[in-house]
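Descriptive structure summary
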Amino acid sequence: MGILEKISEIEKEIARTQKNKATEYHLGLLKAKLAKYRAQLLEPSKSASSKGEGFDVMKSGDARVALIGFPSVGKSTFLSLMTSTASEAASYEFTTLTCIPGVIEYKGANIQLLDLPGIIEGAAQGKGRGRQVIAVARTADVVIMMLDATKGEVQRSLLEKELESVGIRLNKHKPNIYFKPKKGGGISFNSTVTLTQCSEKLVQLILHEYKIFNAEVLFREDCSPDEFIDVIVGNRVYMPCLYVYNKIDQISMEEVDRLARKPNSVVISCGMKLNLDYLLEMLWEYLALTCIYTKKRGQRPDFTDAIILRKGASVEHVCHRIHRSLASQFKYALVWDTHARGYLPWPWPVQAEVTPLPPFLTQGTSTKYSPQRVGLTHTMEHEDVIQIVKK
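Residues numbered from 1 in each chain as written. Predicted model: local features only at pLDDT ≥ 70, side-chain atom pairs only at ≥ 80, totals over all residues. Heavy atoms only, no water.

**Some thoughts on the packing of helix H3 (residues 75-82) against helix H9 (residues 276-287)**
Across the interface, H3 lies against H9 with an axial gap of 12 Å and an inter-helix angle of 85°. As the angle between them shows, H3 and H9 are arranged roughly perpendicular. Facing H3, whose interface residues are Phe78, Leu81 and Met82, H9 presents Leu276, Leu279 and Leu280. Its residues placed into classes, the contact of H3 with H9 shows six nonpolar, no polar and no charged. (Axes fitted to C-alpha atoms, helices over the stretch in contact; angles between N-to-C directions. Helix = DSSP H or I, 4+ residues; strand = E, 2+ residues; numbered from the N terminus. Parallel < 35°, antiparallel > 145°, perpendicular 65-115°, else oblique. Contact = heavy atoms within 4.5 Å. Nonpolar A, V, L, I, M, F, W, Y, C, P; charged D, E, K, R; others polar.)

**Structural notes on helix H1 (residues 3-16)**
Residues that lie three or four places apart on an α-helix share one face, since the helix turns once every 3.6 residues. Along its 14 residues, H1 runs 20 Å from first to last C-alpha, staying within 8% of the 20 Å computed at 1.5 Å per residue. Considered for burial, the residues of H1 that qualify are Ile7, Ile10 and Ile14. Looking down the long axis of H1, one finds its buried residues gathered within 65° of arc, a one-sided arrangement. Exposed and facing more than 90 degrees away from the buried side of H1 are Ala15 and Arg16. (Expected span 1.5 Å × (residues − 1). Buried < 20%, exposed > 50% of the residue type's maximum accessible area, 1.4 Å probe, protein only. Arc of directions from axis to C-beta.)

**Focus: the nonpolar core**
Within soluble globular proteins, side chains that are nonpolar tend to cluster in buried spots. Of all hydrophobic cores here, the largest spans 69 residues; its most connected members are Phe78, Leu116 and Ile268. For this core, the element with the most residues is H9, which contributes eight residues. Ranked by size, the runner-up nonpolar core spans 21 residues in total, among them Ala32, Cys198, Tyr210 and Val231. (Core = buried A, V, L, I, M, F, W, Y, C linked by side-chain atoms within 4.5 Å.)

**Points about the sheet that holds strand S12 (residues 289-294)**
Taken in spatial order, the five strands make up an open sheet running S13-S12-S16-S14-S15, and their pairing is mixed. Looking at the sheet topology across the chains shown, the edges are occupied by strand S13 (307-310) and strand S15 (372-374). The sheet shows a mean angle of 35° between the axes of neighbouring strands, taken without regard to direction. Inspection of the sheet shows S12 paired to S13 by four bridges, in the antiparallel sense. (Pairing = 2+ DSSP bridges.)

The following block contains the structure:
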């Protein structure tokens, strides 16, 4: 019996097993076996085979976004509208057969957008080049799931199931479970919260299925057996996902309103170019990027060339982005909060570093006053201006 047949048998067994207190251990073991077989299925083939043209795309820009969806939902049209790359679009399915990259220029950042071939049901088992498409999606920072607004919710549930089966967790956080295999001492189990979905016996059964007999396990939140299996496997990818419903010009206003109110969802029309600006704003929020501007001593800030970093980046991250040796020569930095930049005299005053601004002009969260002298651990905010002083 092959791996696919084993996976199918276990899925049927899980489907026909009633979920109650008496069967939770049996279900836990089945889920552990299912995760093991799926991991084996995703392992690259040892036999030499062609990788597939167009899938080996180098990561570039400040962030990577993957476009995932069924065939003919408007992915190629969206890529052509948002970037300068022309992706072939037609009314028949599977127009795109390779991974086509494009670049969105937004708020000074270069966001790499990947138009992936449409995936079909069974993609996790390799149907329709599904494994190659999903492997590229795992490298993205954000997934845009393009859906056809005229076809209801069936597309969304099928795509989520395919991505879930290959270890991509959408809009979820990593389970707060401490797990460390040991060389001896048996299984040490503890929890800081009341567990309603897992028990010590179930945890031991799952670990034994993975041939782990010595480990430390600490539950810091009430997690399910599936989430515990994710922690054991350790190769799960947790990423934000934006559900984009295209072709809203073909449905009623009531249906558009219903779809727009769903969490993590945006409604657009590529054909009529509706709501694309709002989609870009949402994408920026999901990518959690910040623009940092630099300033030389005695000169005005350079607002034409921003340093793009992740939200929560510190002054040390800015130093590393400018030059890898700058952090070792760092003395201090001056940071201006420009969230209230509309009130500042323009052009920017050259002597601003010696003349603190009035308190009512410094309304941001990065600094208490502008400029503020900070160290390497200071957290930068969006559109801050920084001047670095070396030793």
